[in-house]
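# Tertiary structure, described
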Amino acid sequence: MNHLPLIIKREYLTKVKNKSFIVMTFLSPLIMIALAAVVAYLSQLNNDKERTISILDETGYLKEVFQNSENTTYTDLTGLSLENSIALVKEKKDYGLLHIASVDVLGDATNKIKFYSEESPSLSVISGLEQKIEKRLKEEKLQKDGVTLAQIEASKTNIEIAQESYDGQKSSKADNVVKLIFGGAAGYLLFMFIIIYGNMIMRSVIEEKTSRIIEVIISSVKPIQLMMGKIIGTSLAGVTQFVIWSILGGVFMFVLGFIFNIDLLAMQTQQQEVAMQTLQDSGMEQRIGEFFIAFQNLPMTNLIIAFLFFFIGGYLLYSSLYAAIGAAVDNETDTQQFMLPILMPLMLAVYVGFFTVIEDPHGTVSTVFSFIPFTSPVVMLMRIPFGVPLWQQGLSLLLLIGTFVFAVWFAAKIYRVGILMYGKKPTYKELFKWLKY
């Protein structure tokens, strides 16, 4: 008699009715959003810090560069000596003193600029000062060479190389960015799902094994059915948790924003504001339009179908190995020696995906790792948005399914013996012996 549906139902209900599962399902989105709000609020407080920076410019070229802003006030100390300026700044407890020494040749000013402060200054403050000085000195040099600012502006040329395939299909840099984001998100989601719920399966097996419940269950259920039931039931519980997190996350963000008048998207760091300003200066609306077009150009049907198959196949492959580890040991401490061979391919897949697919999605390294079953779920998901032939996707999926079938057979052999073994720490040699039973 096939007990698999009954085992799946039992595992699913056991997980979703667990108090800790229920608490974390509803509490996790609130904790994450609250943490994001706290970080954003603290960042905002840090950015709202008012600074007074004194300027001692002995060249006379940079007086007009430093204009007061909302959080930064510049004080001109022209006419004072360096010693007196430092003493005055220390007495007033200002943020710091920027000293620009007198030079005969304008280019030598780069080696004559120092910032004095009581403590190490903020990196963003120093970077901002450097950008202001560099721009002004560049303009002064060009003007001394007879080049006007109008000529400088007129000489600026914005080049964007159009991209088109031999078949006439047009693309752009925005297309590559959108493909990278979509592929990276899919690969990373699978990676996290395997880590979180693979460990849950392993702990579940260990718990039943140590409580000896497994001895009763195994008398009427085949080990492979019990293992597959645990994997599928836990997977369904994980999907349920993810769906609830997504819904509650949106609801909590809306409620927190309404009650406390917190706009998480509006809270930006100084670096983000600079980046946004740069995008606006370069035609922000045009960029947004390009990203929307790039998103519409994605092969969504292929992406969704491939995502489902590779996600399910990759998760089931690794879950069977997690279940085998859980059956082989008596406690979580003993699992460490077996976890590395499982985690290494996963970590390798993520690194290969992010460091080779980005540069060359159809290169030898990316292609090879997209066929290796232990790395293909992550790497292939990251390659598909860039256009992978269907025969390659099909071959990779067949290899993944074949490896999954072998992994299930392998894991079931270990599971069948391991769930009834107590008090002995297994070794790799012992595991290979179990395969022969």
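Residues numbered from 1 in each chain as written. Predicted model: local features only at pLDDT ≥ 70, side-chain atom pairs only at ≥ 80, totals over all residues. Heavy atoms only, no water.

This paragraph deals with the overall build of the protein. For the protein, the helix and strand inventory stands at 16 helices and 6 strands. The buried share of the protein, taken over its 437 residues, is 40%. Looking at the protein alone, contacts between residues at least 24 apart form 72% of all its contacts between residues at least 6 apart. (Helix = DSSP H or I, 4+ residues; strand = E, 2+ residues; numbered from the N terminus. Buried < 20%, exposed > 50% of the residue type's maximum accessible area, 1.4 Å probe, protein only. Contact = heavy atoms within 4.5 Å.)

Soluble globular proteins tend to bury their nonpolar side chains together. Membership of the largest hydrophobic core comes to 64 residues, with the highest contact counts inside it found for Met-227, Phe-310 and Tyr-315. The set of elements that each furnish at least two residues to this core consists of helix 6 (173–210), helix 8 (223–260), helix 11 (300–328), helix 12 (336–357), helix 14 (376–383), helix 15 (390–418) and helix 16 (428–434). Here this core gets 15 residues from one element, more than from any other, and that element is helix 11. Ranked by size, the runner-up nonpolar core spans 14 residues in total, among them Ile-53, Ile-55, Tyr-74 and Val-125. (Core = buried A, V, L, I, M, F, W, Y, C linked by side-chain atoms within 4.5 Å.)

Attention now goes to the pattern of salt bridges. In this structure the tally under the stated criterion is 4 salt bridges. The partner of Lys-15 in a salt bridge is Glu-11, with the nearest N and O atoms 3.1 Å apart. Of this pair, Lys-15 and Glu-11 both sit in helix 1 (residues 4–16), 4 residues apart, roughly one helical turn. For the pair shown, Lys-15 and Glu-11 are each scored as buried. One salt bridge in this structure joins Lys-230 and Glu-11, with 2.9 Å as the shortest N-O distance. Remark: Glu-11 occurs in helix 1 and Lys-230 occurs in helix 8; sequence separation between them is 219 residues. (Salt bridge = Lys/Arg side-chain N within 4 Å of Asp/Glu carboxyl O.)

A few words now on the packing of aromatic side chains. What the rule picks out here adds up to 10 aromatic pairs. Ring geometry for Phe-193 versus Tyr-197: centroids 4.7 Å apart, planes at 40°, classification tilted. Pair noted here: Phe-193 and Tyr-197 are both in helix 6, with a separation of 4 residues, about one helical turn. Site record: aromatic cluster; members linked through ring pairs are Phe-193, Tyr-197, Phe-307, Phe-311 and Tyr-315. (Phe/Tyr/Trp six-rings, centres within 6.5 Å; stacked < 30°, edge-to-face > 60°.)

The grouping of Tyr-188, Leu-340, Met-344, Met-347, Tyr-351, Phe-354, Phe-355 and Ile-358 at the surface amounts to a nonpolar patch, some 840 Å² of accessible area in total. At 6 residues, the largest contribution of residues to the nonpolar patch is made by helix 12. Position of Phe-354 among the secondary structure elements: in helix 12. (Patch = residues over 30% accessible without salt bridge, like charges linked within 9 Å, V, L, I, M, F, W, Y side chains within 5 Å. Areas by Shrake-Rupley, 256 points an atom, 1.4 Å probe, with all protein chains shown as cover.)

Inspection of the secondary structure assignment puts Asp-57 in strand 1 (residues 51–57). Given the relative accessible area of 4%, Asp-57 is considered buried. In sequence terms Asp-57 and Ala-101 are 44 residues apart; their C-alpha atoms lie 6.7 Å from each other.

Here we come to the sheet that holds strand 2 (residues 72–76). The strand order across the open sheet formed by 4 strands is 2-1-3-4, and the pairing between neighbours is mixed. This sheet does not close on itself; its edge strands, each paired only once, are strand 2 and strand 4 (113–116). Adjacent strand axes in the sheet meet at a mean angle of 20° when their direction is disregarded. Taken together, the 5 bridges between strand 1 and strand 2 define a ladder with parallel strand orientation. Across the sheet, Ser-54 pairs through a bridge with Thr-75, a residue of strand 2. Strands in contact with helix 3 (residues 82–92) are strand 1, strand 2, strand 3 (96–100) and strand 4; relative to strand 3, the strand with the most contacts, it is inclined by about 160°. Against the sheet, helix 4 (residues 123–144) contacts strand 1, strand 2, strand 3 and strand 4, and its axis sits at roughly 150° relative to strand 4. (Pairing = 2+ DSSP bridges. Axes fitted to C-alpha atoms, helices over the stretch in contact; angles between N-to-C directions.)

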